[in-house]
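Each chain is listed here by its residues.
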Amino acid sequence: MALHVSELPEHPPAGGCSAGRCGTDPARLAALPEDMRRRVENHPCYSEDAHRHFARMHAAVAPACNIQCNYCNRKYDCANESRPGVVSEVLTPEQAVRKTLAVAAAIPQLSVLGIAGPGDPLANPERTFATFRLLAEKAPDIKLCVSTNGLTLPEHVDELARHNIEHVTITINCIDPEIGAEIYPWIFWRNRRVRGRAAAAILIEQQQKGLEKLVERGILVKINSVMIPGVNDEHLKAVSRTVKAKGAFLHNVMPLISDAAHGTLYGVMGQRAPTADELARLQDACAGDMQMMRHCRQCRADAVGLLGEDRGDEFTMEKIAAIEVDHAAALARRTAFRAQVAAEREAPRSIVETVATAVQPLVFHRPAKAAAGRAVLIAVASKGGGMVNEHFGHAREFLIYEVSAGGARLVERRAVDIYCRGSEQCDEETNALSRTIRVLQGCEAVLCAKIGIEPWGRLEAAGIVPNGEHGMEKIEDAVMAVWRGLLTTGQLGRATDGRLERRISA
Ligand code: CLF
Ligand code: SF4
């Protein structure tokens, strides 16, 4: 009998990959209550499926911050929701709204305006709320989203609700002040600087109070946590359990990015970042308790476009000054685009319900029960849009899919250096290629739009099958096709070398 998507298990069966689904994938999306589904289905961060279709932009209107994190250098954007080492141009609320309207006219996929820095949005409440108010008057179809360290969150919950904000992210790195004292040297609280354990205790209490109040108001809360090896890595499992018990919707465990060149305390003192494997293991462990986000791109405080895309340069204040926007036409294009995505989503759902025995190229499909073969990790070079569309040598990151008879799902994202910079830096390229191959460890195939002879040979030598045959195809179609190819050539029937199992068994 066909299995309805809402009957899919909430968590994978014991013994299978413990990776929770990434945000709300199509199966979970379909199973959500109507009101909640409406709120997440077009939000690229709250729904793994939505990030293939919808774009977000950030307005960098919030320069000040009221705490200090050891992974932040105030010269740069807030590292709680941004890639460290990036500086955004601070905009006034009026400039931010002009920019948003220009982007929304040029990119019909735009569904969300987020404020995530460059400091803390709620340490700059006038600028943050003025931006939301002005945009809601001009383009009420754009969702509003905010990301905060949480210190002043409880006092702003009512105003967030008044502005109809349905999505709030709180960065919670700990629930234990002893651990907090290792992450936060000070906070600015009630007009004075508070340091050490006392500072962390206040911050934690405010974050938890803010979370509870948001949940009471029915606002969806995502928790971001920065994984800092040796400081809060083990502890984040308890954080995950606590925030889930309080009603958080999603947990996004992000890797610390630590580079001495960024001038952060952690960078200078040599605090290491987690490896891709350590991050995946922790995300898996936390997924036992709640839904995990695994498609985060740690984007800039002025990011524009699909997740993983950065189109900010197309929309500088200078460039948008020359753009004339026809608001009615722009709204019509956005509305048409959303209707098209909704129709596409309906189509695969009915296929799943009626053709349960077929191997369908869908994220949540149920292939034939007779299909044998173990799960494998397959890496994909993608510029966004849910397509295999990036040259291997230009990839800044690889999306890692776990593919098996049960379907394909995104389980992690691994950042890499670009190695292909031109022939003059050959040694540097060779080293960067070695690093890329190390990053891909554990994957059995890598899909990309194009690949050169040198990396092809090096990948093969490392036991990773390179594949450039699926350029410009949908990722789920392509990884399932490659998995089936491995199956028919007998490569999946053999005893596993334990690559995936090592990750799963942790
Ligand atoms: Fe921006 Fe954050 Fe809203 Fe998304 S980002 S404020 S929830 S609209 Fe998304 Fe970017 Fe990750 Fe943030 S990918 S860094 S989780
Ligand atoms: Fe930096 Fe953000 Fe931490 Fe403030 S909250 S110190 S801006 S990382």
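Before reading on, note that the structure itself is shown above.
Every chain is numbered independently, its residues counted from 1 as its sequence is written. Naming scheme: in the order in which they are written, chains are lettered from A and ligands are numbered from 1. In keeping with the predicted nature of the model, local features appear solely for residues at pLDDT of at least 70, side-chain atom pairs appear and are counted solely at 80 or more, and the whole-chain, interface and lining totals rest on all residues. Processing note: side-chain calculations cover all non-hydrogen atoms of the structure and skip hydrogens and water entirely.

Some remarks on the sheet that holds strand β15 (residues 465–467)
Heads up, the condition is: In this scheme, strands are said to pair when DSSP sees at least two bridges between them. Comment: elements are numbered from the N terminus, with helices defined as DSSP H or I runs of at least four residues and strands as E runs of at least two. Inter-axis angles, ranging from 0 to 180 degrees, are taken between N-to-C directions of lines fitted to C-alpha atoms, where helices are fitted over the stretch in contact. Between two residues, a contact is recorded if the distance between any of their heavy atoms is within 4.5 Å.
With mixed pairing, five strands are arranged side by side in an open sheet as β13-β12-β11-β14-β15. Looking at the sheet topology across the chains shown, the edges are occupied by β13 (407–415) and β15. Across this sheet, the average inter-strand angle for adjacent strands is 25 degrees, counted without regard to direction. Together, β11 (376–380), β12 (397–404), β13, β14 (445–447) and β15 form the strand contacts of helix α15 (residues 475–488), whose direction differs from that of β12 by roughly 55 degrees.

Some remarks on the pairing of strand β5 (residues 167–171)
Definition in use: Think of it in three bands: residues with accessible area under 20% of the maximum for their type are buried, residues over 50% are exposed, and the middle band is partly exposed, with areas taken using a 1.4 Å probe on protein chains only. The definition of a right-handed crossover adopted here requires that, viewed with the strands pointing away, the path from the first strand over the helix to the second runs clockwise.
Across the five residues of β5, five count as buried, placing the element largely inside the fold. On β5, burial covers both faces: His 167, Thr 169 and Thr 171 on one face and Val 168 and Ile 170 on the other are all buried. Here four bridges tie strand β4 (residues 143–148) to β5, and the two strands are oriented parallel to one another. Bridge pairing in β5 links Val 146 to Val 168. Handedness of the crossover joining β4 and β5 through helix α5 (residues 153–162) is recorded here as right-handed. Two elements, β5 and strand β8 (residues 220–227), share five bridges in a ladder whose sense is parallel. By the bridge assignment, Ile 170 is partnered in β8 with Ile 223.

Description of the site of ligand 2
To keep things clear, this is the line we draw: Nearness here has a simple test: a residue counts as near a molecule or strand if at least one of its heavy atoms is within 4 Å of that partner. In this count, Pro and Cys sit with the nonpolar residues alongside Ala, Val, Leu, Ile, Met, Phe, Trp and Tyr, while Asp, Glu, Lys and Arg are called charged and the others, Gly among them, polar.
Surrounding ligand 2, one finds 13 residues, the nearest of these being Cys 65, Cys 69, Cys 72, Cys 78 and Asn 80. Of the residues in the shell around ligand 2, the class split is eight nonpolar, four polar and one charged.

Some points on the sheet that holds strand β1 (residues 55–58)
Ordered by their spatial adjacency, seven strands build an open sheet running β9-β8-β5-β4-β3-β1-β10, and the pairing between neighbours is mixed. Since the sheet does not close on itself, it has two edges, and those belong to β9 (250–255) and β10 (304–306), each with one partner. Pairs of neighbouring strands in the sheet enclose a mean axial angle of 25 degrees, with direction left out of account. Bridging between β1 and β10 involves three bridges; their strand directions are antiparallel. Bridging from a neighbouring strand, Ala 55 pairs with Leu 306 of β10. Sheet contacts for helix α3 (residues 93–106): β1, β3 (110–115) and β10; angle to β3, the most-contacted strand, approximately 155 degrees.

Quick word on the pattern of salt bridges
The condition that has to hold: By salt bridge we mean one thing: a side-chain nitrogen of Lys or Arg within 4 Å of a carboxyl oxygen of Asp or Glu.
What the rule picks out here adds up to 20 salt bridges. In this structure, Glu 205 engages Lys 209 in a salt bridge whose closest nitrogen and oxygen atoms are separated by 3.9 Å. Of this pair, Glu 205 and Lys 209 are both found in helix α7 (residues 196–216), four residues apart, which corresponds to roughly one turn of the helix. By relative accessible area, which is 48% here, Glu 205 ends up partly exposed. Lys 246 serves as the salt-bridge partner of Glu 212, at 2.8 Å between the closest nitrogen and oxygen.

Here's the deal with the side chain of Gln 283
Note on placement: Gln 283 falls in helix α10 (residues 276–287). What Gln 283 contacts, discounting residues up to four positions off in sequence, is Val 253, Met 292, Met 293, Arg 294, Val 411 and Glu 412.

Remarks on the environment of Glu 473
Keep this limit in mind: For the purposes of these results, a polar contact is taken to be a pair of N or O atoms within 3.5 Å, where, inside protein, one atom must be able to donate a hydrogen and its partner to accept one; residues adjacent in sequence count only when each atom of the pair is a side-chain atom.
Its location among the elements puts Glu 473 in the loop between β15 and α15. Residue Glu 473 is classed as partly exposed on the basis of its relative accessible area of 30%. Each C-alpha atom, one on Glu 473 and one on Asn 389, is 7.7 Å from the other, the two residues being 84 residues apart in sequence. In this structure Glu 473 touches Gly 386, Met 387, Val 388 and Ala 478, once residues within four positions along its chain are discounted. Side-chain polar atoms of Glu 473 contact the side chain of His 470, separated by 2.8 Å.

Note that all results are geometric; they support no functional claim without further evidence.
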